[in-house]
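# Geometric and topological summary
Given next are the chains, with one letter for each unit.
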Amino acid sequence: MSEEHRLDRLTSLLKRRGVILPSFEIYGGVSGLIDYGPIGARIKRKVTDYWINHWIKQGDIVEIDSPTITPERVLIASGHVGEFNDLMTECKSCSSIYRADHLIGEIHDNPESLGEIEMNKILQDKSIICLNCGKNDWSPTKPMNLMFKTGIGAMKEQRLAYMRPETAQGMFMLFPSLYRHFRQKLPFGAIQIGKGYRNEISPRQGMIRLREFNMAELEYFIDPNNPPLEDLSTNLSLINMIPDPESKFDLNYNITFSNAFNIGLIKHPTVAFFLMKTWNFLVEIGIDKSKIRFREHVSTEMAHYAEECWDCEINGEYGWIECVGIANRTSHDLKSHENISGSKSLTAWRAFTEPRIERKTILSPKTSIIGPIFKEQSGLVIEAIKKLQIDDKFPKNIKLSNGNNVDITSEMTEIKDIETTVSGEWFTPHVIEPAFGIDRIVWHLIDHSYKEVKKEGVEYTIMKFNDNVCPIDAIILPLYEKDGMDKIAFEITRKANSLLGIRVEMDTSKSIGRRYARADEIGVPWTVTVDHTSVDDNTVTIRRRDDQKQIRTTIKQLLDNLMNKTIENMFHEYQS
RNA sequence: GCGCCUGUGGUGAAGGGGUUAUCACCUGAGGUUUCCAACCUCAUGUCCUGGGUUCAAAUCCCAGCGGGCGCACCA
């Protein structure tokens, strides 16, 4: 079959078999919103479950879950209210749309700080011309709101809120609780899977740019002075990496993770580790290794919060698409939340290896003298004296915080040598964040698994999902729906479904060949056929999707191996 | 948001003013068949939505919604 229109055939299949479909179709549909049907939802569930386990098994990472509705102040602190409300202007002559701050970037130092009115003035006064038609005829600017706005409270006095554009803020909000949970020891991480919302101008390319999408993010909190050093030699694959073109590095590398870190291509050890973990995850669920690459952001396209940022891109029908972003967000988020909220609990304690003894010489107020002289003003006087320097000369006239002036003589102070023991310090942890676009990953998983082959000269479709992500583990097929075969098939179906995490279905309609084909089309790795022999001796045949090979085994062995995910091994044993 | 193209059963298509809208596959029911989309019988849609033109609209016109591509946008 020609490679041409492969995307069309794949899209049709996904719709026909209930994998991925447009939402609200009977009302005409809404662009940027999709449904996962019964098969698709199952694939997505398997991918997210695998993702959760992939991180949880690290041992220092926990799952959390927070609201999608987010009060405005949280998103002001995170920078999204500023970043997601760009002023847009339209060229009245040719209808091209531009970000106003980009247009005036050359003549204004800080265009993002401008309001609508100032911006409109600058667009008129200066000769800023349209890049498309060369004219200066701008419409009044309008804020483009990439976040869905909503209000908390049913009546008039609503508190402004937005649907979250990322899940990360939920993890930052829970930092104090996470810090306690992990017994106040860094590093630790929190993951969350959930919906994110962005009111895209023009969603395109199927499920690549959605208005409501599934994200999976990990925030890993570390001590910047003591970043964890993980073993990068557990994966020695050569990885395609494209560094920032403005850096000293060449354009393109095929390099191991550990070498990339050793030569400084990846700057931060934890970023390197998460790049590796990300690659492992993608390959384990079935993304084609040869279609994965890592690309470093150039400093100009870097998100407002990040210091080092790598995209993991996957190649598919839409070209190379960013599916995972791994960013060193430093202390930006926690610091910003500390500033805006006033909370003091967004820091961690770093104990010094040896307590430090600090000796200081200070000017100390002599309260026994000050008290009787200043009476009720004494407190203010003491406060003022503490601010003086050791080398100040007395007598001295100082101003108190209540506005009164008082004279301080040298008898009222003394020079003291003091010794304090400091056993550690408070600091704001840094955050390394891998952020996964689940829908994009599911799409590429399907794209890479979709195989058009020839079977006995006829076009044939197989989804080659592996055990980690296949929507249904096995389909049970009674050869005929009679002579007890249907009963045995039903028994197996029921028993298999009671196994933890195993999902099987039974299919009885139409010829056996057609039922095999239906199973192959949605990527079921094993089909189990109940035939006349089964009725006599409780054996069944298992067919392997990828090569149509069959083996015969007992029902008990089938169930045991299904549960342990070891059916593949049965084929090896059978062959040897 | 702009421009060009586009919308007919579950999927893919034909029909471009005039009887009851056509075909293939798929799906369901029944039959037949001892293992890879076999065969036979039957069943399932009405032309994206709303206006307009006309005696008559799936067909022509307008608007909206959806899809594709290009431009712009894409923390």
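Residues numbered from 1 in each chain as written. Chains lettered and ligands numbered in written order. Predicted model: local features only at pLDDT ≥ 70, side-chain atom pairs only at ≥ 80, totals over all residues. Heavy atoms only, no water.

## Some thoughts on the nonpolar core
One finds Trp-51, Met-241, Ile-285, Phe-294 and Ile-446 to be the most contacted residues of the largest nonpolar core, which totals 75 residues. The element best represented in this core is helix H10 (residues 269–285), accounting for 10 residues. Ignoring sequence-local partners within four residues, the contact set of Ile-446 consists of Leu-10, Leu-14, Val-19, Ile-20, Met-463 and Phe-465. Ala-474, Ile-476, Leu-559 and Phe-571 belong to the second largest nonpolar core, which has 23 residues in total. (Core = buried A, V, L, I, M, F, W, Y, C linked by side-chain atoms within 4.5 Å. Buried < 20%, exposed > 50% of the residue type's maximum accessible area, 1.4 Å probe, protein only. Helix = DSSP H or I, 4+ residues; strand = E, 2+ residues; numbered from the N terminus. Contact = heavy atoms within 4.5 Å.)

## Some details on the confidence of the model for chain A
Looking at chain A, pLDDT values average 87 and 90% of them are 70 or higher. Across the interface, the model reports ipTM at 0.89; the global pTM reads 0.86. (pLDDT = per-residue confidence, 0-100.)

## What to know about the pairing of strand E26 (residues 526–530)
A large share of E26 lies buried, amounting to 5 of its 5 residues. Residue alternation in E26 divides its side chains into two sets, Trp-526, Val-528 and Val-530 and Thr-527 and Thr-529, and both sets are buried. Here strand E24 (residues 474–478) runs beside E26; their pairing, made up of 5 bridges, is parallel. Looking at E26, one finds that Ile-476 is bridged to Val-528. In this structure, E26 lies alongside strand E27 (residues 539–544), joined through 4 bridges in antiparallel fashion. Considered in E27, the bridge of Thr-527 is made with Arg-543. (Pairing = 2+ DSSP bridges.)

## A closer look at the packing of aromatic side chains
Scanning the entire structure with this criterion turns up 20 aromatic pairs. Between Tyr-318 and Trp-443, the aromatic rings sit 5.7 Å apart at their centres with planes inclined by 45°, giving tilted as the arrangement. Taken together, the residues Tyr-318 in the loop between strand E15 (308–316) and strand E16 (319–330) and Trp-443 in helix H14 (residues 438–449) connect sequence positions 125 residues apart. One aromatic cluster in this structure is built from Tyr-50, Trp-51, Trp-55, Tyr-220, Phe-273, Phe-274, Phe-281 and Phe-436. Its guanidinium or amino end placed over the ring of Tyr-36, Lys-44 lies 5.3 Å from that ring's centre, counting from NZ or CZ. In this arrangement the basic side chain of Arg-543 is found over the ring face of Tyr-516, its NZ or CZ atom lying 4.5 Å from the centre. (Phe/Tyr/Trp six-rings, centres within 6.5 Å; stacked < 30°, edge-to-face > 60°. Lys NZ or Arg CZ within 6 Å of the ring centre and 35° of its normal.)

## Structural notes on the sheet that holds E26
In a beta sheet, neighbouring strands are held together by backbone hydrogen bonds and run either parallel or antiparallel to one another. If you trace the 5 strands from one edge of the open sheet to the other, you get E25-E24-E26-E27-E28, paired in mixed fashion. Edge positions in the sheet fall to strand E25 (504–506) and strand E28 (550–554), since each has one partner strand and no second. When strand polarity is set aside, the average angle formed by the axes of neighbouring strands in this sheet is 25°. Pairing analysis gives 3 bridges linking E24 to E25, with the strands arranged parallel. Pairing of Ala-474 across the sheet is with Val-504, part of E25. Strands E24, E26, E27 and E28 of the sheet are contacted by helix H16 (residues 512–521), whose axis makes an angle of about 170° with E24. Most of the contacts of helix H18 (residues 555–563) go to E28, to which it runs at about 105°, and overall it touches E24, E25, E26, E27 and E28. (Axes fitted to C-alpha atoms, helices over the stretch in contact; angles between N-to-C directions.)

## Points about the pattern of salt bridges
Under the definition given, this model contains 29 salt bridges. A salt bridge links Asp-507 to Arg-518; its shortest N-O distance comes to 3.2 Å. With Asp-507 in the loop between E25 and H16 and Arg-518 in helix H16, this residue pair connects regions lying 11 residues apart in the sequence. With a shortest N-O distance of 2.8 Å, Asp-547 and Arg-544 are connected by a salt bridge. Counted as one network, the salt bridges with shared partners bring together Glu-166, Arg-329, Asp-333 and Glu-433. (Salt bridge = Lys/Arg side-chain N within 4 Å of Asp/Glu carboxyl O.)

## Points about a nonpolar patch on the surface
A contiguous nonpolar patch, built from Phe-24, Ile-26, Tyr-27 and Val-30 and spanning about 530 Å² of accessible area, is present on the exposed surface. Tracing the backbone shows Val-30 in the loop between strand E1 (20–22) and strand E2 (34–36). (Patch = residues over 30% accessible without salt bridge, like charges linked within 9 Å, V, L, I, M, F, W, Y side chains within 5 Å. Areas by Shrake-Rupley, 256 points an atom, 1.4 Å probe, with all protein chains shown as cover.)

## Considerations on the sheet that holds strand E8 (residues 149–152)
The 3 strands are arranged E4-E9-E8 in an open sheet whose pairing can be described as antiparallel. Strand pairing shows two members of the sheet lacking a second neighbour, strand E4 (69–71) and E8, which therefore form its edges. On average, each strand axis in the sheet is inclined to that of its neighbour by 45°, with strand direction left out of account. Taken together, the 4 bridges between E8 and strand E9 (residues 159–163) define a ladder with antiparallel strand orientation. When the bridges of E9 are listed, Ile-152 appears paired with Arg-159.

## What to know about unusual backbone geometry
Here Leu-186 and Pro-187 are connected by a cis peptide whose omega angle stands at -5°. Checked against the element boundaries, Pro-187 lands in the loop between helix H8 (175–181) and strand E10 (188–197). Within the chain, Gln-548 stands out as a residue other than glycine whose phi angle is a positive 60°. By secondary structure assignment, the location of Gln-548 is in the loop between E27 and E28.

## Overview of H16
Think of an α-helix as 3.6 residues a turn; residues three or four steps apart then line up on the same face. Of the positions making up H16, those classed as buried are Arg-515, Tyr-516, Ala-519, Asp-520 and Glu-521. In this fold, the buried residues of H16 make contact with helix H1 (6–16), strand E23 (458–463), E24, E26, E27 and E28. Once H16 ends, the next one or two residues include Gly-523, with phi positive near 80°.

## Brief notes about the packing of H1 against H14
As a packed pair, H1 and H14 sit with axes 11 Å apart at the nearest point and diverge in direction by 110°. The angle between H1 and H14 places the two elements in the roughly perpendicular class. In the crossing of H1 with H14, the sense of the turn from one axis to the other is right-handed. Each of Arg-6, Leu-7, Leu-10 and Leu-14 in H1 lies in contact with H14, whose residues at this interface are Trp-443, Ile-446 and Asp-447. Here the residues of the contact of H1 with H14 are counted per class, giving 5 nonpolar, no polar and 2 charged. (Parallel < 35°, antiparallel > 145°, perpendicular 65-115°, else oblique. Left-handed = near helix turned anticlockwise from the far one by under 90°. Nonpolar A, V, L, I, M, F, W, Y, C, P; charged D, E, K, R; others polar.)

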